[in-house]
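Breakdown of the fold
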Amino acid sequence: MLWKDQYELGVPVIDAQHKELFRRVESFLQVLRSKDGWEAKVSKLNETLEFMKRYVVEHFRDEEQYQLSINYPGYEAHKQLHTGMVEYVLEVSKQYEQADDKEQLMQQFGGRLLAWLINHVAAEDQRIADYAIKSGVNGNGR
Amino acid sequence: MVDKLYKVFVDATHNVFNLMLNISDISDSPTEDFKFDEEIDIAIGIVGDLQGDVIYRFPSSTSLNMVQLMSGMQFDAVDVFVTSAISEIANIISGNVLNALSDSNVVCDILPPVQCKFDDNKEFEIRTSCYISTTIGDICLEIRLNRAS
């Protein structure tokens, strides 16, 4: 399973979104890495790419609002990481429409997405939780 | 400067392996002789106060173990997915290094990871290699930098 309990920040709305993100990415990877032919995979992969475009933006917005609400000092730097990922997803989505070898592009996207997501949640987002705990911000469920 | 860079890269690698892969049992040593039959070499270009590149040399077995650990899925061969995931890890380690260097007022930026063929013939002012050993395999970092004039 992709999700690990150690990734929990203790902020219910953000944790729920992270779990949903991991669930979708795991499902995407299982289809992407299956031995099925491309035709059998394509509708599920298209669906996930569309989901990522919408959900990532929504989740990042909610997470940034939470950071502002607790006066997180790393807000600007964290927002830049989000912006970089949104730009990457949109760029891949654009390339995907024009690519001759769509599977190759999706495999490349999947590998980067996996590593990026784990690092972002396990390392970058944990800093937000550490700050919230250290500064005694109420509403953090820990 | 060489010792400082060596430590910064080792610490960043240790940190990333710990947080992303839950691996804390890591040892390091300087090396001049790192050879594997099959490996993926990922170059991260560095610009700014220091200029050059860092080559992350991942043996295939280490690469597969890392991706399996992250995904919980079985991988039999290094392909574009594995290379992309490993490239992103090299990118993340390098990003951590930049943050540590900026704390010492050394300001640099990194370029996107590129798969490369390790070339040992170039001359650099600052040069060191770290051999990092972990429970899921070894990696080598070749650090090759010049100070900006």
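Because the structure is a prediction, the values reported are computed rather than measured.

Further remarks concern the overall build of chain B. If you tally the helices and strands in chain B, you get 3 helices and 7 strands. The C-alpha radius of gyration computed for chain B amounts to 15 Å, which stays within 12% of the reference 15 Å derived for 149 residues, consistent with globular compactness. By principal-axis analysis of the C-alpha atoms, chain B measures approximately 45 × 30 × 25 Å. Counting over 149 residues, chain B shows a buried share of 53%. Summing over all exposed atoms, chain B offers an accessible surface of approximately 6900 Å²; the carbon and sulfur share of this is 45%. Seen as two clouds, the 9 positive and the 23 negative side-chain charges of chain B have centres 6 Å apart.

A word on the nonpolar core. Among the nonpolar cores identified, the biggest contains 84 residues, and M106(A), Y56(B) and M70(B) are the most heavily contacted of them. Contacts of Y56(B), omitting those with residues within four sequence positions, involve F9(B), I40(B), D41(B), I42(B), I44(B), A90(B), I93(B), S94(B), C140(B) and L141(B). Counting 9 residues, the second largest nonpolar core, distinct from the first, contains I14(A), Y66(A), Y72(A) and A129(A).

With that out of the way, let us pick up helix 3 (residues 75–98) of chain A. Residues and elements named next belong to chain A. The end-to-end C-alpha distance of helix 3, which contains 24 residues, comes to 35 Å, matching closely the 34 Å that a straight helix rising 1.5 Å per residue would cover. Every buried residue of helix 3 is accounted for by Y75, H78, H82, M85, V86, Y88, V89, V92, S93 and Y96. Residues of helix 3 that are buried sit in contact with helix 2 (38–69) and helix 4 (102–134).

What follows deals with the pairing of strand 2 (residues 39–48) of chain B. Residue and element names in this part refer to chain B. Summarising burial for strand 2: 7 of the 10 residues are buried, a large majority. Note that strand 2 and strand 3 (residues 50–59) share 8 bridges and pair antiparallel. Looking at strand 3, one finds that E39 is bridged to P59. Count of turn residues in the strand 2/strand 3 antiparallel hairpin: 1 residue. Taken together, the 3 bridges between strand 2 and strand 4 (residues 108–110) define a ladder with antiparallel strand orientation. Counterpart to V47 in the pairing with strand 4 is D109.

Two quantities define a packed helix pair, namely the angle between the axes and the distance from one axis to the other. All names here are of chain B. Between helix 2 (residues 60–71) and helix 3 (residues 80–102), whose axes approach to 10 Å, the crossing angle comes to 85°. Comparing their axes, helix 3 and helix 2 come out roughly perpendicular. Between helix 2 and helix 3, the residues in contact are S63, L64, M66, V67 and M70 and F81, V82, A85, I86 and I89, respectively. Taken together, the residues of the contact of helix 2 with helix 3 break down into 9 nonpolar, 1 polar and no charged.

Time to look at the pattern of salt bridges. If you walk through the whole model with that rule in mind, you get 17 salt bridges over all chains. Linking D11(B) and K7(B) is a salt bridge whose minimum nitrogen-to-oxygen distance equals 2.6 Å. Note that D11(B) and K7(B) are positioned in helix 1 (residues 2–21) at a spacing of 4 residues, about one turn of the helix. A salt bridge links R57(B) to D41(B), with the shortest nitrogen-to-oxygen separation between them at 3.9 Å. Highlighted residues: R57(B) in strand 3 and D41(B) in strand 2, separated in sequence by 16 residues. Summarising the burial analysis for this pair, R57(B) and D41(B) share the class buried. Here the salt bridges do not stand alone but share partners, grouping E20(A), R23(A), R24(A), K44(A) and E47(A) into one network.

Moving on, we come to the side chain of N91(B). Along the chain, the position of N91(B) falls in helix 3. Ignoring sequence-local partners within four residues, the contact set of N91(B) consists of I44(B), I110(B) and P113(B).

Quick look at the packing of aromatic side chains now. Residue and element names in this part refer to chain A. Within the structure shown, the criterion is met by 10 aromatic pairs over all chains. When the centroid spacing of 4.7 Å and the interplanar angle of 20° are considered together, the rings of F51 and Y55 count as stacked. Of this pair, F51 and Y55 are both found in helix 2, 4 residues apart, which corresponds to roughly one turn of the helix. Across the pair, Y55 and F51 agree in class, each one buried. Among the aromatic residues, those joined into a cluster by ring pairs are W3, Y7 and F22. Above the ring of F51, the side-chain terminus of R24 is found at 4.0 Å from the ring centroid.

Chain-level statistics for chain B give a pLDDT mean of 93 and a share of 100% at 70 or above. In the model output, the complex is listed with pTM 0.92 alongside ipTM 0.93.

Cut-offs applied
- Here, residues in each chain are numbered from 1, in the same order as that chain's written sequence.
- Following the order in which they are written, the chains are lettered starting with A and the ligands numbered starting with 1.
- Two thresholds apply to this predicted model, a pLDDT of at least 70 for residue-level local features and 80 or more for giving and counting side-chain atom pairs, whereas whole-chain, interface and lining totals are computed over all residues.
- Note: side-chain values were computed over all heavy atoms of the structure, leaving out hydrogens and water.
- Elements are defined by DSSP. Helices are runs of H or I of four residues or more, strands are runs of E of two residues or more, and each kind is numbered from the N terminus.
- C-alpha atoms define the radius of gyration in this analysis, and the globule rule sets the expected value at 2.2 Å times the number of residues to the power 0.38.
- Relative accessible area decides the class of each residue, using a 1.4 Å probe on protein chains only: under 20% of the type maximum gives buried, over 50% gives exposed, and in between gives partly exposed.
- All accessibility values rest on the Shrake-Rupley procedure with a 1.4 Å probe; residue burial counts only the protein chains present in the view.
- His is not counted, nor are the chain ends; Lys and Arg add positive charge and Asp and Glu add negative charge.
- Think of each charge as sitting on NZ of Lys, CZ of Arg, CG of Asp or CD of Glu.
- Only buried Ala, Val, Leu, Ile, Met, Phe, Trp, Tyr and Cys residues count toward a nonpolar core, and they belong to the same one when joined by side-chain atoms within 4.5 Å.
- The criterion used for residue contact is that any of the two residues' heavy atoms lie within 4.5 Å.
- One less than the number of residues in a helix, times 1.5 Å, gives the span that helix is expected to have.
- Strands were regarded as paired on the criterion that DSSP finds at least two bridges between them.
- Axes here refer to lines fitted to C-alpha atoms; in helices the fit is confined to the stretch in contact. Angles between the N-to-C directions go from 0 to 180 degrees.
- With respect to orientation, any angle under 35 degrees is reported as roughly parallel, any angle over 145 as roughly antiparallel, any angle of 65 to 115 as roughly perpendicular, and every other angle as oblique.
- In this count, Pro and Cys sit with the nonpolar residues alongside Ala, Val, Leu, Ile, Met, Phe, Trp and Tyr, while Asp, Glu, Lys and Arg are called charged and the others, Gly among them, polar.
- When a carboxyl oxygen of Asp or Glu is within 4 Å of a side-chain nitrogen of Lys or Arg, the pair counts as a salt bridge.
- Between the rings of Phe, Tyr and Trp (Trp by its six-membered ring), a pair exists once the centres lie within 6.5 Å; its type follows the angle of the planes, with under 30 degrees stacked, over 60 edge-to-face, and the other angles tilted.
- For a Lys NZ or an Arg CZ to count as sitting over a ring, it must be within 6 Å of the ring centre and within 35 degrees of the ring normal.
- Known as pLDDT, the predictor's per-residue confidence is scaled from 0 to 100.

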